[in-house]
Amino acid sequence: MTSTTKITLTAPGLSPEQVAFFHENGYLILPNELHPTTVSALLSRSHELLAEFPLEGHPMTKFVAGEEGENGEGGEAGKKHIGDEYFMESGDKVRFFFEEDAFDEYGMLRKPKEHAINKIGHGLHMLEPLFRSVTLNPRNHAIATSLTKTDGPSPTLGPNPVVLQSMVICKQPEIGAPVPSHQDSTFLYTDPPSAVGFWYALEDSTAENGCLWFAPGSHLWEPIRKRFVRTYDAEGRVGSAFVPLEEGKGDGLGGVEGVAPKEGEDEEGLFVMGEVKAGTLVLIHGNVLHKSGSNLSAKSRYIYTFHGISGDYAYDERNWLQPGEEGFSRLEDVIA
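Our subject in this report is the structure included herewith. (Residues numbered from 1 in each chain as written. Predicted model: local features only at pLDDT ≥ 70, side-chain atom pairs only at ≥ 80, totals over all residues. Heavy atoms only, no water.)

1. What to know about the sheet that holds strand S5 (residues 179-182)
Moving on, step 1. Reading across from one edge, S5-S12-S7-S10 is the order of the four strands in this open sheet, with antiparallel pairing throughout. In this open sheet, the two edge strands, each paired with only one partner strand, are S5 and strand S10 (272-274). Sheet twist, expressed as the average angle between the axes of neighbouring strands with direction ignored, equals 20°.
Moving on, step 2. Relative to S10, strand S7 (residues 212-214) runs antiparallel, the two being bridged by three bridges. Following the sheet pairing, Leu212 is matched in S10 by Gly274. (Pairing = 2+ DSSP bridges. Helix = DSSP H or I, 4+ residues; strand = E, 2+ residues; numbered from the N terminus. Axes fitted to C-alpha atoms, helices over the stretch in contact; angles between N-to-C directions.)

Okay, structure coming up:
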């Protein structure tokens, strides 16, 4: 697979209007960001990876959403992934994580493996040339530069933007699990928070197959309250848990809070739906509340996403994802 597939490079960066919308709402939708041939190539390579990986020796690790797993709210805090080490050491590898509902009551796969994987991660941008070319390029460097905000509430990216993880999320037909409301900086914490998600639709993303939903402006009033961190048991085995944000750590608001919803206001009424076409890029602020629905339809909802943070802000050893020997990938290097 070559890395020369055409990428649509429109403007060098974002327009002032686009930057203003992002900082006001906490997300930005950019249609037609990827050329259709690039979308097709990414989707094809994703299917190849699913077909090629062997089940032999796989710990059958499930990806569990909510506080039962890695993303979002609700559930039993700190419940372990099955095969935690396989998950926790995936930052610089290409590994495969199953849908929670891919297994029957006897622990056997209900579907072929190609239709049972929730996501592929978390080092695609490091090890797969096509995904690397879509991630580490001048256009994304320009977008990161446009979005950089270092003062006031809700800072983003900041100096020296780096990419620390990437993944394909499959949202499989009939068993694609919902992801509850969450903030990405909970899982990729810097002090101050600086995470931004780059989320590319590889297929049309609709209400039926589990599109994104956003709470516009929530990054201005909802602080980071907890972190997803590494834990170790008495035998030194790695695990994971949610813990309260330490006192004195930046919560993403910089001491300035916007207008929060009134107590008792229906949270569901805060969210707007983000249906998008294949090729669309969605930029997601690390503090903004967002979620996605389940996929009970007959159509998959493949996306490719990566996350950036400031390489100059504190990223400590408590974070679940730790850099490999090569460190995180610097966006500055693509224009060097």
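2. A few points about empty space enclosed by the protein
Moving on, step 1. One pass over the full model with this rule turns up three cavities of 30 Å³ or more.
Moving on, step 2. The computed volume of the second largest cavity comes to approximately 60 Å³.
Moving on, step 3. Along the wall of the second largest cavity there are 13 residues; nearest its centre are Gly91, Met126, Leu164, Gly327 and Phe328.
Moving on, step 4. At the level of secondary structure, the elements contributing two or more residues to the lining of the second largest cavity comprise helix H4 (124-127) and strand S4 (161-169).
Moving on, step 5. Among the residues forming the lining of the second largest cavity, the class breakdown is six nonpolar, six polar and one charged. (1 Å grid on protein atoms, 1.4 Å probe; cavity = no way out; pocket = protein on both sides within 12 Å on 5 of 7 lines; lining within 4 Å. Points joined across faces, edges and corners; volume = space filled by probe spheres on them. Nonpolar A, V, L, I, M, F, W, Y, C, P; charged D, E, K, R; others polar.)

3. As for the pairing of strand S8 (residues 226-232)
Moving on, step 1. With five of its seven residues buried, S8 lies for the most part within the structure.
Moving on, step 2. Pairing between S8 and strand S9 (residues 238-244): seven bridges, direction antiparallel. Along S9, the bridge assignment pairs Val229 with Ala241. (Buried < 20%, exposed > 50% of the residue type's maximum accessible area, 1.4 Å probe, protein only.)

4. Things to note about the pairing of strand S6 (residues 196-201)
Moving on, step 1. In terms of residue burial, S6 counts as a mostly covered element, since six of its six residues are buried.
Moving on, step 2. Strand direction decides the pairing type here: S6 and strand S11 (residues 281-285), joined by five bridges, are antiparallel. The partner of Gly197 across the bridge, within S11, is Ile284.
Moving on, step 3. The pairing of S6 with strand S13 (residues 303-310) spans six bridges and is antiparallel.

5. Notes on unusual backbone geometry
Moving on, step 1. Omega for the peptide link from Gly121 to His122 comes to 0°, which places this bond in the cis form.
Moving on, step 2. Checked against the element boundaries, His122 lands in strand S3 (residues 117-122).
Moving on, step 3. In this chain, Asp191 is followed by Pro192 through a cis amide linkage whose omega measures 0°.
Moving on, step 4. Position of Pro192 relative to the elements: it lies in the loop between S5 and S6.
Moving on, step 5. Look at Asn32: it is not a glycine, yet its phi comes out positive at around 55°.
Moving on, step 6. Within the secondary structure, Asn32 sits in the loop between strand S1 (27-30) and helix H2 (36-52).

Honestly, it's all geometry; don't read function into it.
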